[in-house]
Amino acid sequence: MKQLITLLLLVAVSMTMNAKTLVAYFSATGITKAAAEQIAAKQQADLWEIVPNEPYTEADLDWRNDQSRSSIEMKDPAERPMIKMCTDVSAYDTIYLGFPIWWNICPRIIDSWIENNDLRNKTLIPFCTSGSSTIDGAMEYLRTTYPQYKWEDGFRVAE
Ligand SMILES: Cc1cc2nc3c(=O)[nH]c(=O)nc-3n(C[C@H](O)[C@H](O)[C@H](O)COP(=O)(O)O)c2cc1C
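Below is a summary of the structure that appears in this document. (Residues numbered from 1 in each chain as written. Predicted model: local features only at pLDDT ≥ 70, side-chain atom pairs only at ≥ 80, totals over all residues.)

Comments concerning the pairing of strand β4 (residues 123-129)
Thinking step 1. Judged by how many residues are buried, β4 sits mostly within the fold: five of seven residues are covered.
Thinking step 2. The pairing of strand β3 (residues 94-100) with β4 spans seven bridges and is classified as parallel. Within β4, the residue paired with Tyr96 across the bridge is Ile125.
Thinking step 3. Read from β3 through helix α4 (residues 108-115) to β4, the crossover connection turns out right-handed.
Thinking step 4. Bridging between β4 and strand β5 (residues 150-151) involves two bridges; their strand directions are parallel. When the bridges of β5 are listed, Thr123 appears paired with Lys150.
Thinking step 5. Sheet analysis places β4 next to strand β6 (residues 155-156), joined by two bridges and oriented parallel. By the bridge assignment, Phe127 is partnered in β6 with Phe155. (Buried ≥ 20, exposed ≤ 12 C-beta atoms within 10 Å, placed from the backbone. Helix = DSSP H or I, 4+ residues; strand = E, 2+ residues; numbered from the N terminus. Pairing = 2+ DSSP bridges. Right-handed = clockwise from strand over helix to strand, strands pointing away.)

As for the site of the ligand
Thinking step 1. In the vicinity of the ligand lie 20 residues, with Ser27, Thr29, Ile31, Thr32 and Pro100 positioned nearest.
Thinking step 2. Sorting elements by how many residues they give to the shell around the ligand places helix α2 (residues 31-43) first, with three residues.
Thinking step 3. For the shell around the ligand, a count of residues per class yields eight nonpolar, 11 polar and one charged. (Near = placed C-beta within 6 Å. Nonpolar A, V, L, I, M, F, W, Y, C, P; charged D, E, K, R; others polar.)

Focus on unusual backbone geometry
Most of the time, phi is negative for any residue but glycine, and the peptide bond is trans.
Thinking step 1. Unusually for a residue other than glycine, Trp103 sits at a positive phi of about 50°.
Thinking step 2. Inspection of the secondary structure puts Trp103 in the loop between β3 and α4.
Thinking step 3. Classification of Trp103 as partly exposed rests on a count of 14 C-beta atoms within 10 Å.
Thinking step 4. We note that Asn121 has phi near 65°; this positive angle belongs to a residue other than glycine.
Thinking step 5. Considering the arrangement of structural elements, one finds Asn121 in the loop between α4 and β4.
Thinking step 6. The exposure class of Asn121 is exposed, given the 8 C-beta atoms found within 10 Å.

So yeah, pure geometry; function would need other evidence.
Shown next as structure tokens:
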């Protein structure tokens, strides 16, 4: 019995030691990137930048222009901007997922990333940066759109 308990303890300890954390993020102008780097350093996590196939120009990001690329993407819930490289998430138990708030939710490239990865059995922790919006709208969107995944409450990183 004693041996069995020791064995179980050893297994539990080694599982905890192997738990790995990833910080995956998209950043159009560098603010979320800085937040992601800080979180990765604090959590001793690996860092992964979600890079669009086609980078966003300043004109693309013009939210005042309803014909700009970001406006067009955000108006259409089915938009899925292409990502440059695939992420291998298989080794990670916990994933921080960072993005700027666009029109009160996450940019569509976050949907592209989520739909390109198997996130079952992972603990997902969203974080955002924004001008002033909270992460609440994005949390509601993510939980409603991807109810099959385990979403922890997210947080906003202030500049
Ligand atoms: C297209 C677009 C839409 C935005 N919508 C919002 C918004 O709804 N609420 C808000 O507080 N900030 C909004 N912002 C501001 C960004 O969330 C903020 O500048 C963010 O920190 C930028 O992060 P990044 O440098 O990582 O791209 C928007 C910015 C863009 C480009």
